[in-house]
Every structure is written in structure tokens, then in C-alpha cells.
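An overview of the molecular structure
As a plain string of letters, each chain reads:
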Number of protein chains: 2
Amino acid sequence: MNENRFDNKLSRPGLAFQPLYKQVEEQVTQLIVEQRWKPGEMLPNEFQLASEFGVSQGTVRKALNSLTSAKILTRRQGIGTFVSEHTGHHGLYRFYPLIADGKSPELPKAELLSISTQTANKKVAAALSLNPKDKVIVLIRRRILDNEFCIAETIYLPHKWFKALLDEKDVPHTLYHFYQTNFNLTVHTIRDSIKADLATQSDADTLNIKLGEPLLEVTRIAQSLNDKPMEYRISRCRSDKYHYLVELN
Amino acid sequence: MNENRFDNKLSRPGLAFQPLYKQVEEQVTQLIVEQRWKPGEMLPNEFQLASEFGVSQGTVRKALNSLTSAKILTRRQGIGTFVSEHTGHHGLYRFYPLIADGKSPELPKAELLSISTQTANKKVAAALSLNPKDKVIVLIRRRILDNEFCIAETIYLPHKWFKALLDEKDVPHTLYHFYQTNFNLTVHTIRDSIKADLATQSDADTLNIKLGEPLLEVTRIAQSLNDKPMEYRISRCRSDKYHYLVELN
């Protein structure tokens, strides 16, 4: 028996015993992270990719299928395979679940109330995998739907990646698309923890509601393509006329 | 130009212009609905299915991939493709999003407080696509986690499908598995609308909390494999120690 067969030191970490298509999948993701292909760009065809990676076309297809299910890639019938963008109806609404009762989903406007640099507190540092004392950029916004304030948001971003944001004159309403185009950071997964809470005086002032009204508090961690936490967001949402919608299968 | 080409009367409704694999997908779903294959049962292999449906193996594979993504089928590596069941870790937790803060997901026990037959009110009839005056079975339960009451549930089921439930001596805690095994009705998709509300006196009595505490109200419509609404459920959830978790990509 060859002892080396079980010597993990000889196999590349993370790649050992992975099916070939999974390795291709990771490689393609890595190339997107490195901006070899940018959001919205078309990938080479399966034949070219197969030859570039030295695998069969079937393996490339399996990897691309998996990346399409994960929404990292987007297929356009008869045209080709593209790096997904946070634009268009699907991209913009995918992570926006608060909907006015009895209405179709609509993106609220955002009013930026303040932007500052702070030292991350314990909770924020843990959520963003930062060291204690690391700096974060803090955006405070309120969202507006049909001329009414619906959400008070506090957004924390790692300073090391987002410092250029402090020089922006106009921070756009659609932040995820902005992160993607200006910082090459794509929100790939989100994890929302939802609780009910009572409006504080600060909520009441920001949202123009009464103290003690019930609110939804949505605490979100957004992860990038390579599974790093890139945004921590606390949204205090009115739910008298709005609901958070989840559809699962 | 052949006028008949655009005469929709000549094409089968719903099948016209659908890719072949989509038609195979619908056919397989229909056979599961008709119990040709039951939950947990293994399907014939791709070769046999291709020959049965008179299509290529590639088309069968595409249909099975799509049904696996939709969680109607489950693949077991090296064994085969099975009709998904509401059992096992994944099946049981898939639609159960309330989690104790800082803990792993755990299924709460259920205490059945009452079971009755009622005439559907407007809201319930609309949610379940029933006629006004149609009967529904109403279950009232409370859920228990770590010896504490966490959720007060009111569950509405169409009487026409679930009347045998009235004769059950022991209604099990895991209803979705019970619907599947005893009524051949599989919950395939759920749609949760989440709001924040204040505990009423009835919530306070049921959950042993104070009047006016903030609660999550989760209003759920569950649909069967053939997209018919089969259960309407209102869950009033404590959120002081629990949160509703959503993960999206």
C-alpha cells in the first residue's frame, strides 16, 4: 500500500477529492473575483473553456449549470453565458423583500442621512469578521415609498474595502449595484434574521410614526462571491402597511 | 403562409412552444401527483425514462435536473433519483424558519389545543381558493421549545381534502410529513408574509407572555405539487428569544 496516498500534505488544500466540475466551478468563481470577467461580460463558449481548463465540454457544462443555479452566471438563450449583474428587474429585487400590502414589489428611494467612519463595536466586528478596533464606514439612510418613510437603515461596511466611498458626492440608491461596479464586490448571499420590536423615540422621529409601534427589525449579513462578509445592515421596517415576503420551495 | 400555425385552438393548452424537457418535467410531476411514484420511491433510470417518454436521455436528464433543483426529486449519489419526502433533517427543516437566538435549528413540539370544522371566512376562502361558504378544518396549536411556548398557530385546511383528519386520534407534530403520507398532498412551495404586531390578550394567555409584547406574525400559504393552495396558517411568534431566518442567493 502506498502510504503517500493518504498524505494530505501532497494534495492541494481544498481541491483534494473534489469532483472535476467543482474544481472548474471554483476556478471560474476565482476568475470573476479577480475581474478576468466583469459583471455583465460574456464568458467564452463551452468549447473554449474546456480547452482552456483542459477538461471535457461536459465537465464545463456541469460547472456552468451549477454557477447558473447559484446565480453567479446568467444564461441568455441562444446568446451565451454572462457574469450576473445587480441590474434589471431580477437583480435589483432579488434581495429586497419588503413589499407594500396588496401591491407589486417596488424599490423604495433612499435618503442618505449621514455617513461616517467609526471603530467597529463587538457585534459589528463579529458580523463582518473584523478585528476589534478595525474601522467601519457607517451609512444611515431612510427609505421612502409613495412619499412615506418605510425603513430606517444603518449600514456598516469594512473601511479597508470601501474607503473610496467617503469621497463619493452622490451615493446611489441601489447600493448592491454600486458595490459591484465601483468596488468589484458582488453580494452573492444574504442572511436575514428577523425580529419584532417596538419603535424607539429615534425610530419614531426618523419614520414619522408613534413611539412603541411594532416594527420588523431585519439584521442582514451580505456575503461576497468568495463568501466574505462585506456588509452588515440593520433595517427597522414599518409593517403596518408593508410585509416582508419569503417564497421557498 | 399557413394560417393554422397561429391558431392556438390546434395546440394543446400549456404545452405549445414549451421545450421538450419542460414537457417531460410536467409529465413526471403529474405522475407523482397521481402517485405512480410515491414519496421516497426511486424513479426508473434515465435510460428507461427516455425510452418510456420517447425522448433522448439528455432531455430526461435536463428534466430531472430541473425537478431536483425544485426539490421535487432528490438525488442520492451512485444510487438513483427519488421522490422527495418531508423527512430527514433537510426535509423537516426546509420550511421551518424560527430559530432560538444563538442556537442551532431545532423542531419545536406541538400541542394541539383544538380542532374544529368551520365555514371559511372571506380571507381564508381567498387564500385557499375556496368558494365562500366552503368548509375548512381549523387546528389551533402552540409550539414548545425548551419547555417554553414560542408560537401560537391557527391552521386552516380545505375540508374537502382533509376531512379524514377529524377522525385522527393522534395528529402528529410534523404536519407536512403527515399530509404527504396520509393525504398524498405534498407541500411544494410556501409563501410567508411577515409583519410585526403587539400581543393580544389571547396571545398573552396562550404564550404566557405580557399583553402588548412585540410578536412576529407569519401568514403562510402552502401550495401542493400542482400549485394548489393546500394550507393557510397564521403563526404568532415570540421574537424576544427567537428569530425568523432567511438565507438567499
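Criteria and thresholds
Residues numbered from 1 in each chain as written. Chains lettered and ligands numbered in written order. Predicted model: local features only at pLDDT ≥ 70, side-chain atom pairs only at ≥ 80, totals over all residues. Heavy atoms only, no water. Least-squares fit on C-alpha atoms with pLDDT ≥ 70 in both. Contact = heavy atoms within 4.5 Å. Core = buried A, V, L, I, M, F, W, Y, C linked by side-chain atoms within 4.5 Å. Buried < 20%, exposed > 50% of the residue type's maximum accessible area, 1.4 Å probe, protein only. Pairing = 2+ DSSP bridges. Helix = DSSP H or I, 4+ residues; strand = E, 2+ residues; numbered from the N terminus. Axes fitted to C-alpha atoms, helices over the stretch in contact; angles between N-to-C directions. Buried area = accessible area lost by both parts, 1.4 Å probe. Salt bridge = Lys/Arg side-chain N within 4 Å of Asp/Glu carboxyl O. Polar contact = N/O pair within 3.5 Å; in protein donor to acceptor, adjacent residues only side chain to side chain. Nonpolar A, V, L, I, M, F, W, Y, C, P; charged D, E, K, R; others polar. Domains from an automatic or database assignment. Phe/Tyr/Trp six-rings, centres within 6.5 Å; stacked < 30°, edge-to-face > 60°.

Under an unreviewed UniProt entry, chain A has the name GntR family transcriptional regulator and belongs to Paraglaciecola polaris LMG 21857.

**Looking at the relation of the copies chain B and chain A**
With an RMSD of 0.1 Å, chain B superimposes on chain A once it is rotated by 180° and translated 0.1 Å along the axis. Expressed as a symmetry operation, the mapping of one chain copy onto the other fits a two-fold axis. Closest approach to the rotation axis among the C-alpha atoms of chain B is made by B:Ala196, whose C-alpha sits 2.6 Å away. Looking at the interface residues of chain B, 100% of them are also at the interface in chain A, so both copies use one shared face.

**Focus: the nonpolar core**
Formed by 28 residues in total, the largest nonpolar core has its most connected members in A:Ile194, A:Leu216, A:Tyr244, B:Ile194, B:Leu216 and B:Tyr244. Beyond its immediate stretch of four places on either side in the chain, A:Ile194 contacts A:Leu216, A:Glu217, A:Val218, A:Tyr244, B:Ile194, B:Leu216, B:His243, B:Tyr244 and B:Val246.

**Examining the sheet that holds strand E7 (residues 187-198) of chain B**
In spatial order, the strands read E3(A)-E10(A)-E7(B)-E8(B)-E9(B)-E6(B)-E5(B)-E4(B); together these eight strands make up an open sheet with antiparallel pairing. Here the strands that pair on one side only, and so sit at the sheet edges, are strand E3 (98-100) of chain A together with strand E4 (109-119) of chain B. Along the sheet, successive strands turn relative to each other by an average axial angle of 25°, direction set aside. Sheet strands touched by helix H7 (residues 175-183) of chain B: strand E5 (135-145), strand E6 (148-158), E7, strand E8 (214-224) and strand E9 (229-238) of chain B. Its angle to E9(B), the strand with the most contacts, is close to 165°.

**Describing the environment of A:Lys228**
If you trace the backbone, A:Lys228 turns up in the loop between strand E8 (214-224) and strand E9 (229-238). Sequence separation between A:Lys228 and A:Ala120 is 108 residues, and the spatial gap between their C-alpha atoms is 17 Å.

**Re the interface of chain B and chain A**
At the interface, 31 residues of chain B touch 31 residues of chain A. Of the roughly 2600 Å² buried between chain B and chain A, counting both surfaces, carbon and sulfur atoms make up 54%. Among the residues of chain B in contact with chain A, B:Lys195, B:Leu248 and B:Asn249 are the three that bury the most area, contributing 25% of the side total. For the pair chain B and chain A, the number of links is four salt bridges. Here A:Glu247 and B:Arg191 are joined by a salt bridge, their closest N and O atoms 2.6 Å apart. The tally of links from chain B across to chain A stands at 18 residue pairs in polar contact (both at pLDDT 80 or more). Contributions of two or more residues to the side of chain B that touches chain A are made by E7, E8 and strand E10 (242-248) of chain B. For the side of chain B that touches chain A, the element with the most residues is E7(B), which contributes eleven residues. Each residue belonging to the side of chain B that touches chain A can be placed in one class, and the counts come to 14 nonpolar, seven polar and ten charged. Here strand E7 (residues 187-198) of chain A runs beside E10(B); their pairing, made up of five bridges, is antiparallel. Each residue of the ladder has a partner; that of A:Ser193, found in E10(B), is B:Leu245.

**Here's the deal with the domain arrangement of chain A**
All names here are of chain A. Assigned domains of chain A: these are domain 1 (3-83) and domain 2 (88-244). Placing a centre on the C-alpha atoms of domain 1 and another on those of domain 2 gives a separation of 32 Å. Across the contact, eight residues belong to domain 1 and seven residues belong to domain 2. With both sides pooled, the region where domain 1 packs onto domain 2 buries about 700 Å², and carbon together with sulfur makes up 63% of that total. Three residues, Val33, Pro39 and Lys71, lead the burial of domain 1 against domain 2; their summed loss comes to 55% of the area buried on that side. Where domain 1 meets domain 2, there are zero salt bridges. At the surface where domain 1 touches domain 2, the tally comes to two residue pairs in polar contact (both at pLDDT 80 or more). Residue classes in the side of domain 1 that touches domain 2 are distributed as five nonpolar, two polar and one charged.

**Let's talk about the packing of aromatic side chains**
Any pair of aromatic rings gets described here by the distance separating the centres and the angle formed by the planes. Scanning all chains against the criterion turns up twelve aromatic pairs over all chains. A ring pair is formed by A:Tyr156 and A:Tyr232, whose centres lie 5.8 Å apart and whose planes are at 40°; its orientation type is tilted. One end of the pair, A:Tyr156, is in strand E6 (residues 148-158); the other, A:Tyr232, is in strand E9, with 76 residues separating them in the sequence. Exposure class is identical for A:Tyr156 and A:Tyr232. Each is buried. Ring centres of B:Phe162 and B:Phe183 lie 4.9 Å apart, and the angle between their planes is 50°; on these two criteria the pair is classed as tilted. Within this pair, whereas B:Phe162 is found in helix H6 (residues 159-162), its partner B:Phe183 is found in helix H7, the two being separated by 21 residues in sequence.

**Some details on the side chain of A:Arg142**
Residues and elements named next belong to chain A. Within the secondary structure layout, Arg142 lies in strand E5 (residues 135-145). A relative accessible area of 16% means that Arg142 is categorised as buried. One polar contact links Arg142 to Glu111, side chain to side chain, over a distance of 2.8 Å. At a separation of 2.8 Å, a polar atom in the side chain of Arg142 contacts the main-chain carbonyl oxygen of Thr206.

**Details of the side chain of A:Glu25**
Residue and element names in this part refer to chain A. If you trace the backbone, Glu25 turns up in helix H1 (residues 20-33). Accessibility expressed as a relative area gives 12% for Glu25, which makes it buried. Every residue in contact with Glu25, bar those within four places of it in the chain, is listed here: Ala63, Ser66 and Leu67.

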